[in-house]
Amino acid sequence: MIKKEGPLTNVDSLREQIKKNSVRIIDVRRTEDYQQGHITNSVNLPLAKLLADASPENIVKIAEELGIGNETPVVVYDDTFGALSSRVVWALQYIGHKDVKLLDVTFSQWKDLGYELSTEVPEIKTATHSVKINPEIMATAEYLEKVKENKNVVIIDNRERLNYLEQHIPGAINIPYRTLASDGKILRTKEGMKTLLKNRGISEDAEIITYCGSVGTLSGLAYYALKSIGVPNVKLYVHSFKEWKSLEKPIDKQENAN
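Everything in this summary refers to the structure shown in the same document.

Here is what the cut-offs are and how they apply
- Residue positions within a chain follow its written sequence, with the count starting from 1.
- Local features in this predicted model are restricted to residues whose pLDDT is 70 or higher, and side-chain atom pairs enter the listing and the counts only when it is 80 or higher, whereas totals over whole chains, interfaces and linings include all residues.
- Only hydrogens and water are set aside; all other atoms, that is, all heavy atoms of the structure, feed into the side-chain values.
- Runs of H or I in DSSP of at least four residues are treated as helices and runs of E of at least two as strands, each being numbered from the N terminus.
- A radius of gyration in this sense is built from C-alpha atoms; the matching globule rule multiplies 2.2 Å by the number of residues raised to 0.38.
- Accessibility here uses a 1.4 Å probe with only protein chains present; expressed as a share of the type maximum, an area under 20% marks a residue as buried, one over 50% as exposed, and anything in between as partly exposed.
- Only the protein chains shown count as cover for residues, and the accessible areas themselves come from Shrake-Rupley with a 1.4 Å probe.
- Counting rule for charge: Lys and Arg are taken as positive, Asp and Glu as negative, and neither His nor the chain ends is counted.
- Charged groups are reduced to one reference atom each: NZ for lysine, CZ for arginine, CG for aspartic acid, CD for glutamic acid.
- Side-chain atoms alone can form a polar contact between residues adjacent in sequence; in general such a contact is a pair of N or O atoms within 3.5 Å, and within protein one must be able to donate a hydrogen while the other accepts it.
- By definition in these notes, contact holds between two residues if any of their heavy atoms fall within 4.5 Å.
- For this document, the term salt bridge refers to a Lys or Arg side-chain nitrogen within 4 Å of an Asp or Glu carboxyl oxygen.
- A cavity, in this analysis, means grid points on a 1 Å lattice covering only the protein atoms where a 1.4 Å probe fits yet has no way out; a pocket is instead an open set bounded by protein on both sides within 12 Å along at least five of seven lines, and a residue lines either one if it has an atom within 4 Å of a point.
- Grid points are joined across faces, edges and corners, and a volume is the space filled by probe spheres set on the points.
- Each residue gets one label: Ala, Val, Leu, Ile, Met, Phe, Trp, Tyr, Cys and Pro are nonpolar, Asp, Glu, Lys and Arg are charged, and the others, such as Gly, are polar.
- DSSP calls a pair of strands paired once it identifies at least 2 bridges connecting them.
- A clockwise course of the path from the first strand over the helix to the second, judged with the strands pointing away from the viewer, identifies a crossover as right-handed.

Some words on the overall build of the chain
Item 1. Summing up its helical and strand segments, the chain has 11 helices and 11 strands in all.
Item 2. What you see for the chain is a C-alpha radius of gyration of 18 Å, in line with the 18 Å of a compact globule of 258 residues.
Item 3. Counting only C-alpha atoms, the chain reaches 55 × 35 × 30 Å along its principal axes.
Item 4. Among the 258 residues that make up the chain, the fraction classed as buried is 52%.
Item 5. For the chain, the computed accessible surface area is about 12,700 Å², with 48% contributed by carbon and sulfur atoms.
Item 6. Distance between charge centres in the chain, computed from 34 positive and 35 negative side chains, equals 3 Å.

Structural data, given as structure tokens:
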């Protein structure tokens, strides 16, 4: 029996979908890496292309060029511990695409397992995709400033510990992105993730907002780590600390590194 969980797809499930040719697989690595070999049937979308214009209109245009219609099942992977692919999954969900998941391993892990690889570029028939913005998964700087004092709101900074200590959004808790993974998978098990939250005193009933350094990749991974255990109210502050700082919003520093 193939097991599916939340926002993740496991290798067995994806291999079945490849056999049936029933999924659009997106490889978000650089084009030169994709050309040297990729998961069979995958198409290439370097993250830089999406970030060059991350407006909903452009995300829809990219989706349609990749043959993604409203009902197309999509699986996204990268070779960067799931951070880049999580940003693409979030972008597709933001425009209202429902059936999009992260592959629970990286390209290198897939390759090491000896699974299907190809250098062929699949033919793509363009599709039509509607726009139905999903605002409840995004946090803006204004929203964050408004709710950050609320007792039931938890802000999580997913940058490295030293970056957090240097400066962070007031009240934010540091959960470095490296703590989210487990051996051989881009994310911890459900039990492991629940334990991590419990140890940090974070309630799964809280509204949780994740952010990182600039474009929402590391925090995108944290967003899906939380979604993988069923946390109902999670938002991604997609423009992250770079925007917060440029807007001259309040900043805290940790005087004592301990």
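Re the side chain of histidine 129
Item 1. If you trace the backbone, histidine 129 turns up in the loop between strand E7 (117–118) and helix H7 (141–147).
Item 2. Engagement of the side chain of histidine 129 in a polar contact is seen with the side chain of histidine 97, the distance being 2.8 Å.
Item 3. Every residue in contact with histidine 129, bar those within four places of it in the chain, is listed here: Val60, Glu64, Ile68, Gly69, Asn70, Ile95 and His97.

Some remarks on the pattern of salt bridges
Item 1. Enumeration according to the criterion identifies 14 salt bridges in this entry.
Item 2. The salt bridge involving lysine 194 is made with glutamate 204; its shortest N-O contact spans 3.0 Å. Of this pair, lysine 194 sits in helix H9 (residues 190–199) while glutamate 204 sits in the loop between H9 and strand E10 (207–211); the two residues are 10 residues apart in sequence, bridging distant segments of the chain.
Item 3. Sharing partners across several salt bridges, the network here consists of Arg30, Glu32 and Asp33.

Things to note about the layout of surface pockets
Item 1. The computed volume of the second largest pocket comes to approximately 190 Å³.
Item 2. The wall of the second largest pocket is formed by Pro7, Gln93, Gly96, His97, Lys98, Lys132, Ile133, Asn134, Ile137, Tyr223, Tyr224 and Lys227.
Item 3. No other element matches helix H10 (residues 218–228), which puts three residues into the lining of the second largest pocket.
Item 4. Across the lining of the second largest pocket, the residue classes tally to five nonpolar, four polar and three charged.

Observations concerning the pairing of strand E5 (residues 74–77)
Item 1. Both faces of E5 are covered, namely the face carrying Val74 and Val76 and the face carrying Val75 and Tyr77.
Item 2. In this structure, strand E2 (residues 24–27) lies alongside E5, joined through four bridges in parallel fashion. In the strand pairing of E5, arginine 24 is matched with valine 74.
Item 3. Examined bridge by bridge, E5 and strand E6 (residues 100–103) share three bridges and lie parallel to one another. When the bridges of E6 are listed, valine 74 appears paired with valine 100.
Item 4. Read as a crossover between parallel neighbours, the route from E5 over helix H5 (residues 83–94) to E6 is right-handed.

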